[in-house]
Amino acid sequence: MKAAAYIVGPLDGPGAALMDLARRLHFASVLPYAGVAQAEQQVNRTPVCFFLFAAVPDVGTLRNVADAIRFCPSRRVRFSPLIYFSESPSVETITRCINMGFDDVITMPFTRARVAERIERQIGQSHIYYETPGYFGPDRRDRVTAPKRPAETRLGGQFRRLEIVRNLMTGVNVVRDDLHVAPVA
């Protein structure tokens, strides 16, 4: 696959297992995550980079990395798929990942076929992203775990709605970019 995979997390345990799985999925390169600057250089060689997050005891510790990727000035980096590999199907963990802008949360078992199918969903298909002052990521309004307060939803004021398609040859293509402003009362 002409895409790079960055493994976010410890280089042993879950991180090592995830690195091995990514290699078996035939990514063009599999690298430990070493910051956004490295990813900005990598997208010039492989236009799509996946960020695969290994399971950690507290998923909240991943917020700084997720925010660095999601709010990166480089379009190819900020629209990169973020996928968390959870050791349990905890609603709390999934909710926290959704609120950080993750594209997917995969729970055990992490079989090659299952993970490959979930990764393939990220390429060549239309994806809707929303940008608000505190959120940038996929449209999650239809989820049970979606935020309820207006400040965390598109009901809280101005937002952008973007439709994107990721292509392994050209990177991220923004098909539509709409700015919505809440009416003044």
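Since the model is a prediction, treat every value here as computed from it, not as a measurement.

About the criteria used
- Residues numbered from 1 in each chain as written.
- Predicted model: local features only at pLDDT ≥ 70, side-chain atom pairs only at ≥ 80, totals over all residues.
- Heavy atoms only, no water.
- Helix = DSSP H or I, 4+ residues; strand = E, 2+ residues; numbered from the N terminus.
- Pairing = 2+ DSSP bridges.
- Right-handed = clockwise from strand over helix to strand, strands pointing away.
- Core = buried A, V, L, I, M, F, W, Y, C linked by side-chain atoms within 4.5 Å.
- Buried < 20%, exposed > 50% of the residue type's maximum accessible area, 1.4 Å probe, protein only.
- Contact = heavy atoms within 4.5 Å.
- Polar contact = N/O pair within 3.5 Å; in protein donor to acceptor, adjacent residues only side chain to side chain.
- Salt bridge = Lys/Arg side-chain N within 4 Å of Asp/Glu carboxyl O.

### Description of unusual backbone geometry
Then, in step 1: Each neighbour pair has its own omega, and for Met108 with Pro109 the value is 5°, a cis peptide bond.
Then, in step 2: If you trace the backbone, Pro109 turns up in the loop between strand 5 (104-107) and helix 6 (112-120).

### Details of the pairing of strand 2 (residues 29-32)
Sheet faces and side chains relate simply in a regular strand, where the side chains alternate between the two faces.
Then, in step 1: Two strands pair when backbone bridges link them, and strand 1 (residues 4-8) and strand 2 are joined in this way by 4 bridges, in the parallel orientation. Bridging across to strand 2, Ala5 finds its partner in Val30.
Then, in step 2: Of the crossover connections in this fold, the one passing from strand 1 over helix 1 (residues 14-24) to the parallel strand 2 is right-handed.

### Thoughts on the nonpolar core
Then, in step 1: Core analysis: the biggest nonpolar cluster contains 23 residues, and Phe51, Phe53, Ile69, Val77, Leu82, Tyr84 and Phe102 have the highest contact counts within it.
Then, in step 2: For Phe51, the contacting residues outside a window of four places in its chain are Tyr6, Val8, Tyr33, Ala39, Ile69, Val77, Ser80, Pro81, Leu82 and Ile83.
Then, in step 3: In this structure, Val30, Leu52, Ile83 and Ile106 belong to the second largest nonpolar core, which totals 21 residues.

### Topic: the pairing of strand 9 (residues 171-180)
Then, in step 1: Here strand 8 (residues 159-167) runs beside strand 9; their pairing, made up of 9 bridges, is antiparallel. Bridge assignment links Glu163 to a residue of strand 9, and that residue is Arg176.

### A few points about the environment of Thr61
Then, in step 1: With respect to the helices and strands, the residue Thr61 is situated in the loop between strand 3 (49-53) and helix 3 (63-70).
Then, in step 2: Of the polar contacts made by the side chain of Thr61, one reaches the backbone oxygen of Asp58; its length is 2.7 Å.

### A short note on the pattern of salt bridges
Pairing of side chains with opposite charge becomes possible as their charged atoms draw close.
Then, in step 1: This structure, assessed with the given rule, holds 12 salt bridges.
Then, in step 2: With its nearest N and O atoms 2.7 Å apart, the salt bridge here joins Asp104 to Arg118. Linking Asp104 in strand 5 with Arg118 in helix 6, this pair joins segments that are 14 residues apart in sequence.
Then, in step 3: By relative accessible area, which is 11% here, Asp104 ends up buried.
Then, in step 4: Take Arg118: its relative accessible area is 12%, and that puts it in the buried class.
Then, in step 5: For Arg121, the salt bridge goes to Glu117, with nearest N and O atoms at 2.8 Å.

### What about helix 5 (residues 91-99)?
Turn by turn, an α-helix covers 3.6 residues, leaving residues three or four places apart pointing in a common direction.
Then, in step 1: Among the residues of helix 5, those classed as buried are Thr93, Thr95, Cys97 and Ile98.
Then, in step 2: Buried residues along helix 5 sit against strand 4 (82-86), strand 5 and strand 7 (135-138).
Then, in step 3: Between the side-chain oxygen at the start of helix 5 and the backbone nitrogen of Glu92 there is a gap of 3.3 Å, and the oxygen is on Ser90.
Then, in step 4: A positive backbone phi angle near 90° is found at Gly101, which sits one or two residues after helix 5.

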